[in-house]
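For reference, the chains in residue letters:
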Amino acid sequence: MSKLSLAVDVAGLRLRNPVMNAAGVLGMSPPILKRVYDSGAGGVVTKSVGPVPRTGHQNPTLVRVSCGALNAMGLPNPGADYYVEEIKALKEMGVPTVASFFGGSVQEFADVARKLTEAGADALELNASCPNVADEMGMLAADAGNLERVTAAVKNETRLPVFVKLSPNVTNIKTVAKAAEWGGADAITAVNTLMGIAIDVNFRRPVLTNTTGGLSGPAVKPVALRCVWEVSQAVEIPVIGCGGIATWTDAVEYLLAGASAVEVGTAVMTHGFEVYGEIVEGLGAYMAENGFSRVEEVVGLAHDAGRDTQSKVDRCSIRV
Ligand code: RRO
């Protein structure tokens, strides 16, 4: 049997293992993202950046709820020009860096993608799915036609792999995943946060200033896992799983559902930075115990099992 390796190549992005942080939770400061890498992650993802600085929504912007967290940060970021220096710093530290970004128009998406490419990012994550600025910008991931156009415009500006991050807040995620693929996406990240609300019974009003927010953490895992399952059936490009991953078993579930890599966000708030190393270690042990030598051998296996079960059911019904 060949030697076990956790290294993956996700649409051209080579990582020492398939575990990254999810965009947003840890911001963009190079020393903090370097800690994610030093804790064992294969690469890092920055907080989404746009064309110009934004202050985001007024506090409170984050509330802990049972099984997770609800946020409505409102895309706070210092603007793409500032990020250029931050990305250069991460690259100098040897950290594989995925730059997450957004725009308010096709041209803005394309311009920011070009700047981040010139800055030296290793891949781009096109955030089509922030749930907290939908009134202002509309949600790109809910509009297949626009998503395809924006993805194509971004691909025209960069030679880097482009991952399109989708939303679970849509009726049919397969349709939008296919639109991103048609636009030239190299991978799909599934998924962003699930829209929710928390109400303060004493003040008798929503806790978040923005009223609604994006739910993340363990509560969303079954929903996000279903999204990965469906998207991986709908497209030919790799899928990156995101949503409620806190343990190596969560990560393995995502791989079995069809993800080629995973992103871990909210769990860093509850488990600390060690969560990345723990997931990587557990994944390695699982692969060794089960005779896998490469991560790709695990990807999508649960779909095959589903087909086996189906055929057994068919055989049973024939006997009956
Ligand atoms: O900044 C946010 O409010 C935010 C973003 Br950009 C996102 O993609 N997902 C989310 O839950 N919050």
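Structural data are supplied above this passage.
The following refers to the structure shown.

Conventions adopted
Residues numbered from 1 in each chain as written. Predicted model: local features only at pLDDT ≥ 70, side-chain atom pairs only at ≥ 80, totals over all residues. Heavy atoms only, no water. Helix = DSSP H or I, 4+ residues; strand = E, 2+ residues; numbered from the N terminus. Rg over C-alpha atoms; globule rule 2.2 N^0.38 Å. Buried < 20%, exposed > 50% of the residue type's maximum accessible area, 1.4 Å probe, protein only. Expected span 1.5 Å × (residues − 1). Contact = heavy atoms within 4.5 Å. Near = heavy atom within 4 Å. Polar contact = N/O pair within 3.5 Å; in protein donor to acceptor, adjacent residues only side chain to side chain. Areas by Shrake-Rupley, 256 points an atom, 1.4 Å probe, with all protein chains shown as cover. 1 Å grid on protein atoms, 1.4 Å probe; cavity = no way out; pocket = protein on both sides within 12 Å on 5 of 7 lines; lining within 4 Å. Sits in = over half its atoms within 2 Å of the grid points. Nonpolar A, V, L, I, M, F, W, Y, C, P; charged D, E, K, R; others polar.

Quick look at the overall build of the protein now. Regarding its fold elements, the protein presents 11 helices and 16 strands. For 320 residues, the compact-globule estimate of 2.2 N^0.38 gives 20 Å, and the C-alpha radius of gyration of the protein, at 19 Å, lies within 12% of that figure. With the C-alpha coordinates of the protein rotated into their principal frame, the extents come out at 65 × 50 × 40 Å. Across the 320 residues that make up the protein, the buried fraction comes to 52%.

One turn of the α-helix equals 3.6 residues, which is why residues spaced by three or four share an orientation. Its 16 residues give helix α10 (residues 274–289) an end-to-end C-alpha distance of 23 Å, which sits within 8% of 22 Å, the value for a rise of 1.5 Å per residue. Among the structural elements, β3 (19–21), α1 (30–38), α8 (248–257), β16 (261–264) and α9 (267–271) are those in contact with the buried residues of α10. Just downstream of α10, Gly-291 is the residue with a positive phi angle, here 75 degrees.

Moving on to the site of the ligand. Near the ligand you find 13 residues, and of these Lys-47, Gly-74, Asn-127, Asn-132 and Thr-193 are the closest. The separation between an oxygen atom of the ligand and a polar main-chain atom of Gly-74 is 2.8 Å. A distance of 2.8 Å is found between a nitrogen atom of the ligand and a side-chain nitrogen or oxygen belonging to Asn-192. Burial of the ligand by the protein amounts to 92% of the accessible area it has alone, namely 320 Å². In a pocket analysis with a 2 Å cut-off to the grid points, the ligand is assigned to the largest pocket. Taken together, the residues that form the shell around the ligand break down as 6 nonpolar, 6 polar and 1 charged.

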